[in-house]
Amino acid sequence: MLDSLKRIFGNEKSGKVAKKRLQMVLIQDRASVSPEVMAKLRDDIIQVISKYMVIDKTDMEISLESVDDSVALVANIPVQNMRHHK
Amino acid sequence: MSEVIVVTSGKGGVGKSTTTANLGVGLAMRGKKVVLIDTDTGLRNLDLLLGLENRIMYDLIDVVEGRVEIKKALVRHKKYENLQLLPTSQVKDKSAVNPADLMALCDELRKEYDFVIIDCPAGIEQGFQTAIAGADTAIVVTMPEVSAVRDADKIIGELGRSEKDNIKLIINRIRPAMVDSGEMMDMDDINDILAIKCIGQVPDDIKVVTSANRGEPVVGDNDSQAGKAYENIVGRLLGEDIPFMEFEKEGFFKKLMKAFKLSKD
Ligand SMILES: Nc1ncnc2c1ncn2[C@@H]1O[C@H](COP(=O)(O)OP(=O)(O)OP(=O)(O)O)[C@@H](O)[C@H]1O
Ligand SMILES: [Mg+2]
């Protein structure tokens, strides 16, 4: 992780590094101050996926995770059954 | 049409009071009737920046607690008669004024003044909620540094949650030479991050400090880059379309002149 950060930021000017770091941290900041938005997103995801599969809503997890120089929306959604499609 | 503007930042010490003083004087120079309200109770400074520290009789707390009329508490600027300051108390606790008080006060002042500008305390506590309560517009002041920008984003979020959607940004203390060498974020970088309309970029300028020393905001001073920048912001607040200025840099030529003592600064 540290190595890859160095690789990415190493020879870059500190102004650009500042910008990238801020863009990443603000995704986390904004998500953490509005849990309602994350809850709504969760509900919407459930709705869409439920059209195709039966999922376990109680065990599902969604979160924002920092991976190197980007932030990812990570979802872990246990699938119980697949619906039939014509 | 009058406008109530709150000057806020989140992080302390980025230039809220300096901005408030300069915009106040700048608007007054343009003939507008202006009242400035210091809401940083316990840490009042706006009086000092305006050179009015010896003229204070009453303060914001006296007004909201009904001891004096607003008119009696307002301190008139020495040079610009159309500029008034409502100072705050240097002692009483911050919870003495609540959002409803300030909203009522702003609505009263709105009837007589073109601009009511509120200097907000740092932070996001009660003092912030009180300061923003009566405002139509929020000016968020930040600096091109990571912590100041992050705190500005936090404030922008809080303003949105309080239904204050008219938000403008001022980037203060820019160092053009650092921006040029890529070691400081510039206006475009900060625009990309915060996505808020920028109405001014003010360079770091020793004249801001020397003018504060004298209690005379730098805005009238045409030899000062910061003074010029504040003048431009005043124009933009009045609806004028003013392009962003290029900062003078100490380039090769100027350095050469200096070396031969051809340039006086
Ligand atoms: N453009 C500038 N160039 C140089 N110095 C500046 C500039 N803007 C502000 N300063 C200096 O920075 C310091 C803090 O400014 P100011 O008091 O306006 O900040 P503030 O946001 O009101 O602080 P607080 O959060 O404590 O109320 C002061 O010493 C001021 O002179
Ligand atoms: Mg201040």
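What you see is a predicted model; the values in this text were computed from it and never measured.

(A) Representation of the overall build of chain B. The helix and strand inventory of chain B stands at 12 helices and eight strands. For 265 residues, the compact-globule estimate of 2.2 N^0.38 gives 18 Å, and chain B sits close to it at 19 Å. Taking the principal axes of the C-alpha coordinates as reference, chain B spans close to 65 × 40 × 35 Å. With an accessible surface of roughly 12,500 Å², chain B has 50% of that area assigned to carbon and sulfur atoms. Distance between charge centroids for chain B: 4 Å, based on 35 positive and 43 negative side chains.

(B) Expanded view of the overall build of chain A. Broken down by element type, chain A carries three helices and four strands. Going residue by residue from the N terminus, the α and β elements of chain A occur as α-α-α-β-β-β-β. Residue pairs at least 24 apart in sequence account for 51% of intrachain contacts in chain A once pairs closer than 6 positions are excluded. As displayed, chain A offers around 6,300 Å² of accessible surface, 54% of which is attributable to carbon and sulfur atoms.

(C) Layout of the site of ligand 1. Residue and element names in this part refer to chain B. In the vicinity of ligand 1 lie 17 residues, with G13, K16, S17, T18 and N172 positioned nearest. G15 is positioned such that a nitrogen or oxygen atom in its backbone is 3.0 Å from an oxygen atom of ligand 1. R173 has a polar side-chain atom sitting 3.2 Å from an oxygen atom of ligand 1. Protein coverage of the free-state accessible area of ligand 1, which is 640 Å², stands at 78%. Top element by residues in the shell around ligand 1 is helix α1 (residues 16-29). It accounts for three residues. For the shell around ligand 1, the residue count by class is six nonpolar, six polar and five charged.

(D) Inspection of the sheet that holds strand β1 (residues 3-8) of chain B at higher detail. Residue and element names in this part refer to chain B. Strand order in the open sheet made by the eight strands is β3-β4-β2-β5-β1-β6-β7-β8, with mixed pairing throughout. On the outer flanks of this sheet lie β3 (75-76) and β8 (197-203), each paired with one strand and no other. Where helix α7 (residues 146-161) meets the sheet, its contacts fall on β1, β6 (137-142) and β7 (167-174), and the angle it forms with β6 comes to roughly 165 degrees. Strands in contact with helix α11 (residues 225-237) are β1, β5 (115-119), β6, β7 and β8; relative to β8, the strand with the most contacts, it is inclined by about 160 degrees.

(E) Inspection of the confidence of the model for chain B at higher detail. For chain B, the average pLDDT comes to 93, and 92% of its residues sit at 70 or higher. On the interface metric, ipTM, the complex scores 0.85, and its pTM is 0.88.

(F) The arrangement of the interface of chain A and chain B in detail. Between chain A and chain B, the residue contacts involve 13 residues of the former and 15 residues of the latter. On the chain A side of the contact with chain B, K19(A), L22(A) and V33(A) bury the most area, a combined 35% of that side's loss. Among the ionic pairs, R150(B) bridges to D29(A), the shortest N-O distance being 2.6 Å. Counting the contacts that link chain A with chain B gives eight residue pairs in polar contact (both at pLDDT 80 or more). Partitioned by chemical class, the residues of the side of chain A that touches chain B number five nonpolar, three polar and five charged.

(G) A look at the domain arrangement of chain A. Residues and elements named next belong to chain A. Its domain assignment divides chain A into domain 1 (1-32) and domain 2 (33-86). Listed as interface residues are 11 residues of domain 1 and, on the opposing side, 11 residues of domain 2. When domain 1 packs against domain 2, the two sides together hide about 950 Å² of surface, and 59% of this comes from carbon and sulfur. Counting every contact that joins domain 1 to domain 2 gives zero salt bridges. The interface formed by domain 1 and domain 2 includes three residue pairs in polar contact (both at pLDDT 80 or more).

(H) Layout of the side chain of S211(B). Its place among the elements puts S211(B) in helix α10 (residues 206-214). Judged by its relative accessible area of 12%, S211(B) falls in the buried class.

(I) Looking closely at the pattern of salt bridges. All chains considered together, the criterion is met by 19 salt bridges over all chains. Taking the shortest distance from any N to any O, the salt bridge between K16(A) and D189(B) comes out at 3.4 Å. Here K16(A) is found in helix α2 (residues 14-33), whereas its partner D189(B) is found in helix α9 (residues 187-194) on a different chain. For D189(B), a relative accessible area of 7% puts it in the buried group.

(J) Representation of the nonpolar core. Of all hydrophobic cores here, the largest spans 86 residues; its most connected members are L50(B), L105(B), I118(B), I139(B) and L194(B). L194(B) has contacts with L26(A), R30(A), V149(B), A152(B), D153(B), I156(B) and L169(B), leaving out every residue within four places of it along the chain. Ranked by size, the runner-up nonpolar core spans six residues in total, among them I46(A), M60(A), I62(A) and I77(A).

Scoring rules and cut-offs
Residues numbered from 1 in each chain as written. Chains lettered and ligands numbered in written order. Predicted model: local features only at pLDDT ≥ 70, side-chain atom pairs only at ≥ 80, totals over all residues. Heavy atoms only, no water. Helix = DSSP H or I, 4+ residues; strand = E, 2+ residues; numbered from the N terminus. Rg over C-alpha atoms; globule rule 2.2 N^0.38 Å. Areas by Shrake-Rupley, 256 points an atom, 1.4 Å probe, with all protein chains shown as cover. Lys, Arg positive; Asp, Glu negative; His and termini not counted. Charge placed at Lys NZ, Arg CZ, Asp CG, Glu CD. Contact = heavy atoms within 4.5 Å. Near = heavy atom within 4 Å. Polar contact = N/O pair within 3.5 Å; in protein donor to acceptor, adjacent residues only side chain to side chain. Nonpolar A, V, L, I, M, F, W, Y, C, P; charged D, E, K, R; others polar. Pairing = 2+ DSSP bridges. Axes fitted to C-alpha atoms, helices over the stretch in contact; angles between N-to-C directions. pLDDT = per-residue confidence, 0-100. Buried area = accessible area lost by both parts, 1.4 Å probe. Salt bridge = Lys/Arg side-chain N within 4 Å of Asp/Glu carboxyl O. Domains from an automatic or database assignment. Buried < 20%, exposed > 50% of the residue type's maximum accessible area, 1.4 Å probe, protein only. Core = buried A, V, L, I, M, F, W, Y, C linked by side-chain atoms within 4.5 Å.

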